[in-house]
Amino acid sequence: MTLPKAYLSRRISFSACHRLNSLKLSPEENVQIYGKLNINERHGHNYRQVTLFGPVDPITGMVENLSILKQYMEQGIMQRNGSKIWIKMYNFGHERPSTTENVALYIWSRIRSMMARPELLHEVKIHETENNVVIYRGE
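Residues numbered from 1 in each chain as written. Predicted model: local features only at pLDDT ≥ 70, side-chain atom pairs only at ≥ 80, totals over all residues. Heavy atoms only, no water.

## Things to note about the pairing of strand β5 (residues 121-127)
- Bridge count between β5 and strand β6 (residues 133-136): four bridges; the pairing is antiparallel. Considered in β6, the bridge of His-127 is made with Val-133. (Pairing = 2+ DSSP bridges. Helix = DSSP H or I, 4+ residues; strand = E, 2+ residues; numbered from the N terminus.)

Below you can see the structure in the form of structure tokens.
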């Protein structure tokens, strides 16, 4: 018997700052491509949501326990420093430009590597602004 499947999403709000800059480009090319997002030292956004998709367990009634998903998100993405939350992208930003697309790939790989059942990870959705959203589904 095939179990019914459902989507399970968890939002988590945290601020992270970044500067768009590629080490593979000259300073002039960085300014030309990224404009003020390269010139300004740092600017920040709020990042938000991870979605799982999988069978609903007939015993627990869940795709995954939300506290486990919360734990993956907090341990895989963020580091608490007192009351402040920082995204763990210290070295990532040097390897690739910290565009929202690359942040989504980074979050995907971090969470997937921690999951007991990584096949459940369906989507990472980042709301860079109210109007700009990036969705990554492992493709």
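## Structural notes on the pattern of salt bridges
- Applying the stated rule across the entire model yields two salt bridges.
- The residue Arg-117 makes a salt bridge to Glu-64 at a minimum N-O spacing of 3.8 Å. Placement of Arg-117 in the loop between α5 (100-114) and β5 and of Glu-64 in the loop between β2 (43-55) and α3 (66-77) is noted, with a sequence separation of 53 residues between them.
- Owing to a relative accessible area of 33%, Arg-117 belongs among the partly exposed residues under this scheme.
- By relative accessible area, which is 11% here, Glu-64 ends up buried.
- We note a salt bridge from Arg-137 to Glu-123, for which the minimum N-O separation is 2.6 Å. Residue Arg-137 is located in the segment after β6, and its partner Glu-123 is located in strand β5; the two are separated by 14 residues in the primary sequence.
- Look at Arg-137 and you get partly exposed, because its relative accessible area is 41%.
- The class of Glu-123 is buried, set by a relative accessible area of 6%. (Salt bridge = Lys/Arg side-chain N within 4 Å of Asp/Glu carboxyl O. Buried < 20%, exposed > 50% of the residue type's maximum accessible area, 1.4 Å probe, protein only.)

## Here we look at the confidence of the model for the protein
- Put simply, the protein has an average pLDDT of 82, and 79% of its residues get 70 or more.
- Here residues 81-88 is a poorly scored stretch, pLDDT under 50, and it has 20 contacts once near neighbours within four places are set aside; other chains count. (pLDDT = per-residue confidence, 0-100. Contact = heavy atoms within 4.5 Å.)

## Things to note about the side chain of Gln-49
- Looking at the secondary structure, you find Gln-49 in strand β2.
- A polar atom in the side chain of Gln-49 sits 3.1 Å from the side chain of Arg-11.
- Not counting residues within four places of it along the chain, the set of residues in contact with Gln-49 comprises Ser-9, Arg-10, Arg-11, Glu-123, Val-124 and Lys-125. (Polar contact = N/O pair within 3.5 Å; in protein donor to acceptor, adjacent residues only side chain to side chain.)

## So, the packing of aromatic side chains
- This structure, assessed with the given rule, holds two aromatic pairs.
- Ring centres of Trp-108 and Tyr-136 lie 5.3 Å apart, and the angle between their planes is 85 degrees; on these two criteria the pair is classed as edge-to-face. A residue pair is termed long-range when its members are at least 10 positions apart, and Trp-108 in helix α5 and Tyr-136 in strand β6 qualify at 28 residues.
- Judged by relative accessible area, which is 17%, Tyr-136 ranks as buried. (Phe/Tyr/Trp six-rings, centres within 6.5 Å; stacked < 30°, edge-to-face > 60°.)

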